[in-house]
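Listed below are the residues making up each chain.
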Amino acid sequence: NMVSGFAAVHNSAGQVVGVVGVDIGIDDVLESVNGFGLATLIIVLVSGTLFGFISMQVVNRIIGRPIKQLTAASELIAMGDLDVDLAIASKDEIGQLADSFRTMAASTREQVGVLEQIADGDLTVDVNPRSDQDAMGFAMQKTVDRLNSMFLQIHDGTGQLSAASAQIADGAQLLAQGATE
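The structure presented is a predicted model; accordingly, all values stated were derived computationally and were not measured.

Peer 1: Outline the overall build of the chain, supporting the account with residue identities and numerical values.
Peer 2: Across its full length, the chain carries 3 helices and 2 strands. The principal-axis extent of the C-alpha atoms belonging to the chain is close to 165 × 35 × 25 Å. For the chain, restricting intrachain contacts to residue pairs at least 6 apart in sequence, the fraction spanning at least 24 positions comes to 30%. Within the structure as shown, the chain displays about 13,900 Å² of accessible surface, and the carbon and sulfur contribution to it stands at 62%.

Peer 1: Help me get a handle on the packing of helix α1 (residues 26-78) against helix α2 (residues 93-119), residues and values and all.
Peer 2: Axes are the key here: two packed helices are described by the angle between their axes and the distance separating the axes. The contact between α1 and α2 brings their axes to 10 Å, and the two run at 15°. Judged by the angle between their axes, α1 and α2 are roughly parallel. Of the two possible hands of crossing, α1 and α2 adopt the one that is left-handed. Of the residues in α2, those touching α1 at Ile63, Pro66, Ile67, Leu70, Ala73, Ser74 and Ile77 are Ile94, Leu97, Ala98, Phe101, Met104 and Ala105. Split into classes, the residues belonging to the contact of α1 with α2 amount to 12 nonpolar, 1 polar and no charged.

Peer 1: So what's going on with the pairing of strand β1 (residues 2-10)? Which residues, and what values?
Peer 2: Summarising the sheet, β1 and strand β2 (residues 16-25) pair through 9 bridges and their orientation is antiparallel. Directly across from Met2, in β2, lies its bridge partner Gly25.

Peer 1: Explain the pattern of salt bridges to me, and be specific about the residues and the numbers.
Peer 2: Across all of its chains, the model carries 2 salt bridges by this definition. Across the pair Arg102 and Asp99 runs a salt bridge whose closest N-O atoms are separated by 2.6 Å. Taken as a pair, Arg102 and Asp99 lie in helix α2 at a separation of 3 residues, close to a single helical turn. Classification of Arg102 as partly exposed rests on a relative accessible area of 28%. Across the pair Arg130 and Asp134 runs a salt bridge whose closest N-O atoms are separated by 3.1 Å.

Peer 1: Tell me about a nonpolar patch on the surface, residues and numbers included.
Peer 2: Together, Leu50, Phe53, Ile54, Val58, Val59, Ile62, Ile63, Ile67 and Leu97 make up an exposed nonpolar region whose accessible area comes to about 770 Å². For the nonpolar patch, the element with the most residues is α1, which contributes 8 residues. Following the sequence through the fold, Leu50 ends up in helix α1.

Peer 1: Provide a residue-level description of the confidence of the model for the chain, including the pertinent values.
Peer 2: With 100% of its residues at a pLDDT of 70 or more, the chain has an overall mean of 89. Between the elements of the chain, mean pLDDT differs from a low of 88, seen in α2, to a high of 92, seen in β2.

Peer 1: Break down the nonpolar core for me, with residues and values.
Peer 2: Judged by nonpolar contacts, Leu70, Ala73, Ile77, Leu82, Val84, Leu86, Ile88, Ile94, Ala98, Phe101 and Ala105 together constitute the single largest core of 11 residues. Where this core is concerned, the elements lending two or more residues are α1 and α2. The dominant element in this core, judged by the number of residues it contributes, is α2, at 4 residues. Not counting chain neighbours up to four residues away, the residues in contact with Ala98 comprise Leu70, Leu86 and Ile88. By size, the runner-up hydrophobic cluster in this structure holds 7 residues, among which are Val114, Ile118, Val125 and Val144.

Thresholds applied
- Residues numbered from 1 in each chain as written.
- Predicted model: local features only at pLDDT ≥ 70, side-chain atom pairs only at ≥ 80, totals over all residues.
- Heavy atoms only, no water.
- Helix = DSSP H or I, 4+ residues; strand = E, 2+ residues; numbered from the N terminus.
- Contact = heavy atoms within 4.5 Å.
- Areas by Shrake-Rupley, 256 points an atom, 1.4 Å probe, with all protein chains shown as cover.
- Axes fitted to C-alpha atoms, helices over the stretch in contact; angles between N-to-C directions.
- Parallel < 35°, antiparallel > 145°, perpendicular 65-115°, else oblique.
- Left-handed = near helix turned anticlockwise from the far one by under 90°.
- Nonpolar A, V, L, I, M, F, W, Y, C, P; charged D, E, K, R; others polar.
- Pairing = 2+ DSSP bridges.
- Salt bridge = Lys/Arg side-chain N within 4 Å of Asp/Glu carboxyl O.
- Buried < 20%, exposed > 50% of the residue type's maximum accessible area, 1.4 Å probe, protein only.
- Patch = residues over 30% accessible without salt bridge, like charges linked within 9 Å, V, L, I, M, F, W, Y side chains within 5 Å.
- pLDDT = per-residue confidence, 0-100.
- Core = buried A, V, L, I, M, F, W, Y, C linked by side-chain atoms within 4.5 Å.

Right, dumping it as structure tokens:
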């Protein structure tokens, strides 16, 4: 089995003056094609592996590191440490998530400030829940309201006790005066 190929031979005027032909054995052609295919396959595999490795590094740098920072920040917040510093400044979804973490930490710090005022005995603090679902805000508001109500009752009871003590003192004074007379 052979593969034949022909090419026209032209003179300087462009006229065909002859034909050159070549016969190559099919085994030689298949060997060349297989060699070319194998070389192409190796180049594609090496290029694909290299591209995959570089892509993984880029993805890790762009997504992996910020996610690790956000994970560490969420663990700190869960442990009560609100001084989280995120060095993420991108404007993509990861950056938006980092901004949300910063907002959450700042909002929680504000609530801690309100709780510190309550703990210091300042029951005039204005507790404003952040949303309709702000369970902590409503609980703080309820705590302040109930403490104020309790102290008002104690104040009222103290006033009544003071009035009763004054009446007893007046009665004792009258009794002592009557005994003296």
